[in-house]
Amino acid sequence: MSMKSIPAIIPETGEGYSKFSFFCDICDTQIDNLGRAMAAWEPGEATDVYHVHKGKCLDALDKILDTYLLTVEACDLPIFLLRDLGLTRYEPTYAAA
Ligand SMILES: [Zn+2]
């Protein structure tokens, strides 16, 4: 299993700039829509955050790690990151499971 855990930089063709993207830690394909992915991590101290497609890939991660996972919608992750870096006063909320 590839564990990138951070956004990858994708060389952009034709636009003259690079862009950030995520790759699924299970199927290793680019996550082109964060609304269809989850960020997941094991509770406890500092740990890796895995980015996986919802459904089969999240289920596979759950089986591989064989532990309770905390998750947020991957599309909400940048909002939490901005908050935790002190770059916004907006307080994100966790969606009900
Ligand atoms: Zn996947």
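All values derive from a computational prediction rather than experimental measurement. (Residues numbered from 1 in each chain as written. Predicted model: local features only at pLDDT ≥ 70, side-chain atom pairs only at ≥ 80, totals over all residues.)

**A word on the nonpolar core**
Ranked by size, the top nonpolar core spans 13 residues in total, and within it A37, M38, A40, V52, L61 and A74 carry the most contacts. Mapped onto this core, the elements with two or more residues apiece are β4 (37-41), β5 (50-53) and α1 (56-65). Once you skip the residues sitting within four places of it in the chain, A37 turns out to touch F22, I31, H51, V52, H53, K54 and A74. (Core = buried A, V, L, I, M, F, W, Y, C linked by C-beta atoms within 7 Å. Buried ≥ 20, exposed ≤ 12 C-beta atoms within 10 Å, placed from the backbone. Helix = DSSP H or I, 4+ residues; strand = E, 2+ residues; numbered from the N terminus. Contact = placed C-beta atoms within 7 Å.)

**What about the pairing of β4?**
Where burial is concerned, most of β4 is hidden: four out of the five residues are buried. Where β4 lies against β5, four bridges are found, and the strand directions are antiparallel. Note on β5: the bridge partner recorded for M38 is V52. Two elements, β4 and strand β6 (residues 70-73), share four bridges in a ladder whose sense is antiparallel. Looking across to β6, one finds that A39 is bridged to V72. (Pairing = 2+ DSSP bridges.)

**Quick look at unusual backbone geometry**
You will see that D28, though not glycine, has its phi angle at about 60°, which is positive. Summarising the element assignment, D28 is placed in the loop between β2 (19-23) and β3 (30-31). Given 11 C-beta atoms within 10 Å, D28 falls into the exposed group. Although it is not a glycine, D66 sits at a positive phi angle of roughly 50°.

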